[in-house]
Amino acid sequence: MGKLGGIFVCLLIVAMDVAAGILGIEAEIAQNKVRHLRLWVFECKSPSHQAFLLGLAAAALLGAAHVLANLLGGCMCICSRDELSTSSANKQLTVACFFFCWIILAVGLGMLVMGTLSNHKSRTSCGLTRHHFLSIGGILCFVHALFSVAYYVSAAATATASGK
């Protein structure tokens with residue numbers, strides 16, 4: 001892919017992740033606007049339909065950005081520790097960003113899904129307080145943008161260096 005295409009892909013990944021992050025934080029704000037009763041560590045709250053929709057959109061955008069980065073970044077296969085230690089710095093950076101990207105996706109998407117499900121219509125719940133799932137998931141979307149772009153750029157540089 002050309003230089004201009006690579007810049008476009010990076011901007012698209014960042015835009016999708018930033019939009020997901022903003023939607024996650026907005027979902028947290030919408031969730032905090034609903035009526036709830038709190039007694040020490042126990043809390044009863046009504047679900048917020050707006051927070052549900054915003055959280056769902058944030059999770060979908062995070063997933064789409066991850067798929068885009070991984071499909072267009074390609075796969076850098078490392079089969080052993082010896083191969084990793086003898087590979088180039090670009091390839092090592094690619095593998096590190098790849099793993100961090102997946103870990104951030106798993107935690108961020110999990111937080112967004114848990115926050116979104118707590119706002120489903122049938123989930124008027126009482127129990128221990130579980131705050132900030134949506135906002136933490138939204139913040140992890142921003143971190144995901146950094147590692148996704150780093151993965152894409154390092155994978156493209158590794159592919160160019162190896163002549164693929």
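Here, the structure is the one placed above.
My aim in this report is to walk through the structure given alongside it, one point at a time. Because the structure is a prediction, the values reported are computed rather than measured.

What counts, and where the lines are drawn
Residues numbered from 1 in each chain as written. Predicted model: local features only at pLDDT ≥ 70, side-chain atom pairs only at ≥ 80, totals over all residues. Heavy atoms only, no water. Patch = residues over 30% accessible without salt bridge, like charges linked within 9 Å, V, L, I, M, F, W, Y side chains within 5 Å. Areas by Shrake-Rupley, 256 points an atom, 1.4 Å probe, with all protein chains shown as cover. Salt bridge = Lys/Arg side-chain N within 4 Å of Asp/Glu carboxyl O. Helix = DSSP H or I, 4+ residues; strand = E, 2+ residues; numbered from the N terminus. Axes fitted to C-alpha atoms, helices over the stretch in contact; angles between N-to-C directions. Parallel < 35°, antiparallel > 145°, perpendicular 65-115°, else oblique. Left-handed = near helix turned anticlockwise from the far one by under 90°. Contact = heavy atoms within 4.5 Å. Nonpolar A, V, L, I, M, F, W, Y, C, P; charged D, E, K, R; others polar.

A contiguous nonpolar patch, built from Phe99, Phe100, Ile103 and Val107 and spanning about 400 Å² of accessible area, is present on the exposed surface. The topology assignment puts isoleucine 103 in helix H4 (residues 89–117).

Let us look at the packing of helix H2 (residues 49–73) against H4. Contact geometry of H2 with H4 gives a least axis separation of 9 Å together with a crossing angle of 165°. With respect to H4, the element H2 is oriented roughly antiparallel. Like other packed secondary-structure pairs, H2 and H4 cross with a definite hand, here left-handed. Of the residues in H4, those touching H2 at Phe52, Gly55, Leu56, Ala58, Ala59, Leu62, His66 and Asn70 are Phe98, Cys101, Trp102, Leu105, Gly108, Leu109, Leu112 and Thr116. The class makeup of the residues in the contact of H2 with H4 is 11 nonpolar, 5 polar and no charged.

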